[in-house]
Amino acid sequence: MSIQLKEKQEITESTMTPVKIAIANGDGIGPEIMKATLRIMEAAGARIEPEFIELGKKVYSSGNTSGITNDAWDVIKKNKIILKAPITTPQGKGYKSLNVTLRKSLGLFANVRPVQALSPYVQTHFPNLDVVIIRENEEDLYAGIEHRQTQDVYQCLKLITRPGCERIIRYAFEYAKAFGRKKVTCMVKDNIMKITDGLFHQVFDEIANEYPEIENNTQIIDIGSAHLAAKPEKYDVIVTTNLYGDIISDIAAEIGGSVGMCGSANIGSKVAMFEAIHGSAPDIAGKGIANPSGLINASISMLSYIGQTNVADTIKNAWLTTLEQGYHTADIFNETYSLAKVSTEQFTDKIIQNLGNKPVKLPISNLSSGTGNINIPNYVRKQQEKKLVGVDVFLDWQGNDANKLGELLSDVDLYKMKLKMITNRGVKVYPKGLDETFCTDHWRCRFVGKQSQINGALSYQNIVYEQVISLLFKLNEIGFDVIKTENLYEFDGNRGFSLGQGE
Ligand code: NAD
């Protein structure tokens, strides 16, 4: 398999040079499950060279609030692949989440979480569940841009970008092709967020066209997640934005009965990080009873990523065989299907003994059957003509009569702009609002240039930014509290802003 992520070296199955991996032992059960995972990889013939890095509790306790040493950063930058055991996040303010730091600093744009039912050996209501959730990992409401604007109102910015959509959606289709998956489902809420989620949907349709061999469909996230929880076997690969993906990937893991068994991959164009989805389980640390399956699955994803899909299949099949034989750690032990309650080390020994065996009842892993080639081209921006046509001015205004505010603003000399409408929490309250609409102290006042009809369509006259500045100066001068503005643009004649409800 070769991987052609941007600026990443090609690694092929025939490459015999071991791939250097940054290994973080983590905290709690981390060192125990990492030892197990490394033993299995070594016995299976994985061509890797571990280089251990220090991050987590010990680093936090030394006074380093980021939880990661400079030496660890150097190894990560050099090796570009990380296998990370869970870490213990210290309680209290001042400590930065290491996972968020790693994800954002390293540009890990895709979070990939395969969830597969292992029924009847691990109990689940959905024995045929086998889904991969591919979640955009950097954008959306997770950009962390939040503000308090008035006595009553707080906001969080949802940022969706075209390059962000293109690469995560292409990644989902490429993943499907690389690992023999048949269908990709997009989940959005574009019936409400027509511009942001609308872009994600639009880009999905554009990219889906390039993969006619892979089935595709789009669902609204609310009904989509309900269906995922009720009929998960209907899904194959799901691609979605950050927040929805965060939620549905936990739903999928939970209904798969395997939160403790799942691994996840965080993929960037230069670096990739693989980890179990569970935490450091301090309650059982040091007892030798932890289930290493989550990290083993993370290592299987890592081996596929670096082109060693045959080794990945060998380990996965040995792991499935061990589960079928009934050798279960305490967390998945059950009276019906377990033969023995085994320790971490005994479970690991059994997997090693089973290397080369294939499961009889559970589906055989065949990652090497796909093209194994993930190709994400560089983003090329298509420049569009951008025209300023107005401005939304947000006011902190303590009055409660929208008509009065409308009249006050209509009296302002508007520098060839006119007040088009006022909304409160997105609902039009002027002109002609409803008495019943609840209003808070946050008023969005839309000012636009002249409108005209061109070929039957409404078009706004171009305005210049000086008009906006003059308007703001004037509003401030007459005592309005301007808390924020949003310029209104058209791109190639298409409106780049939403209408107010009722506008
Ligand atoms: P947790 O996942 O560590 O534990 C929840 C429960 O599941 C515990 O009863 C634990 O014993 C059990 N469990 C988890 N993994 C297991 C395994 N492999 N085998 C057997 N049992 C297992 O969640 P938590 O208790 O909420 O968090 C503990 C610590 O882990 C916290 O400091 C948290 O911040 C951190 N954490 C780290 C990561 C990460 O590094 N990626 C992720 C989640 C939580």
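Predicted, not measured: the structure shown is a model, and the values here were computed from it.

J.: Looking at this structure, I do not really get the packing of aromatic side chains. What am I missing?
T.: Each aromatic ring pair is specified by the distance between its two centres and by the angle formed by the two planes. One pass over the full model with this rule turns up nine aromatic pairs. Between lysine 341 and the ring centre of phenylalanine 333, over which it is positioned, the NZ or CZ distance is 5.0 Å. In this structure, lysine 386 packs its charged tip against the face of tyrosine 489, placed 4.3 Å from the ring centre.

J.: Mind showing me how you'd approach the sheet that holds strand 5 (residues 110-116) here?
T.: Strand order across the open sheet formed by 10 strands is 3-2-4-13-12-5-6-11-9-10, with mixed pairing between neighbours. One side of each edge strand has no neighbouring strand; the edge strands of this open sheet are strand 3 (48-53) and strand 10 (215-220). The average angle at which neighbouring strand axes cross in this sheet is 20°, direction not considered. Judged from the six bridges that link them, strand 9 (residues 183-188) and strand 10 form a sheet pairing that is parallel. Bridge pairing in strand 10 places valine 188 opposite isoleucine 220. The strands touched by helix 5 (residues 162-178) are strand 5, strand 6 (130-136), strand 9, strand 10, strand 11 (237-240) and strand 12 (263-267); relative to strand 6, the strand with the most contacts, the crossing angle is about 160°. In this fold helix 7 (residues 221-230) packs onto strand 6, strand 9, strand 10 and strand 11, with an angle of close to 110° to the strand it touches most, strand 10.

J.: I'm lost on the pairing of strand 21 (residues 451-454) in this one. Help?
T.: If a strand is regular, its side chains alternate between the two faces of the sheet. Relative to strand 22 (residues 457-460), strand 21 runs antiparallel, the two sharing four bridges. Paired with glutamine 451 across the bridge in strand 22 is tyrosine 460. The antiparallel hairpin formed by strand 21 and strand 22 contains two residues in its connecting segment, where asparagine 455 sits at a positive phi of about 50°.

J.: Any chance you could explain the domain arrangement of the protein chain here in plain terms?
T.: In many analyses, interface size is given as the accessible surface area lost on bringing the parts together. Each assigned domain of the protein chain is listed with its residue range as follows: domain 1 (1-106 + 257-382), domain 2 (125-243) and domain 3 (386-495). Centre-to-centre, using C-alpha coordinates, domain 1 lies 24 Å away from domain 2. Counting from both sides, the interface comprises 17 residues of domain 1 and, opposite them, 17 residues of domain 2. Our count for the domain 1 to domain 2 interface comes out at zero salt bridges. At the junction of domain 1 with domain 2, the criterion picks out three residue pairs in polar contact (both at pLDDT 80 or more). The set of elements that each furnish at least two residues to the side of domain 1 that touches domain 2 consists of helix 4 (98-105), strand 12 and strand 16 (374-375). Residue classes in the side of domain 1 that touches domain 2 are distributed as seven nonpolar, eight polar and two charged.

J.: Which parts of the structure should I look at to understand the sheet that holds strand 23 (residues 481-491)?
T.: Paired through their backbone hydrogen bonds, the strands of a sheet run either parallel or antiparallel. Strand order in the open sheet formed by six strands is 19-18-20-17-23-24, with antiparallel pairing between adjacent strands. In this open sheet, the two strands that pair with only one neighbour each are strand 19 (427-430) and strand 24 (494-495). Where strand 17 (residues 386-396) meets strand 23, 10 bridges bridge the pair, whose relative direction is antiparallel. Following the sheet pairing, aspartate 396 is matched in strand 23 by aspartate 481. Most of the contacts of helix 13 (residues 465-477) go to strand 17, to which it runs at about 15°, and overall it touches strand 17, strand 20 (442-448) and strand 23.

Conventions and cut-offs
- Residues numbered from 1 in each chain as written.
- Predicted model: local features only at pLDDT ≥ 70, side-chain atom pairs only at ≥ 80, totals over all residues.
- Heavy atoms only, no water.
- Phe/Tyr/Trp six-rings, centres within 6.5 Å; stacked < 30°, edge-to-face > 60°.
- Lys NZ or Arg CZ within 6 Å of the ring centre and 35° of its normal.
- Pairing = 2+ DSSP bridges.
- Helix = DSSP H or I, 4+ residues; strand = E, 2+ residues; numbered from the N terminus.
- Axes fitted to C-alpha atoms, helices over the stretch in contact; angles between N-to-C directions.
- Contact = heavy atoms within 4.5 Å.
- Domains from an automatic or database assignment.
- Salt bridge = Lys/Arg side-chain N within 4 Å of Asp/Glu carboxyl O.
- Polar contact = N/O pair within 3.5 Å; in protein donor to acceptor, adjacent residues only side chain to side chain.
- Nonpolar A, V, L, I, M, F, W, Y, C, P; charged D, E, K, R; others polar.

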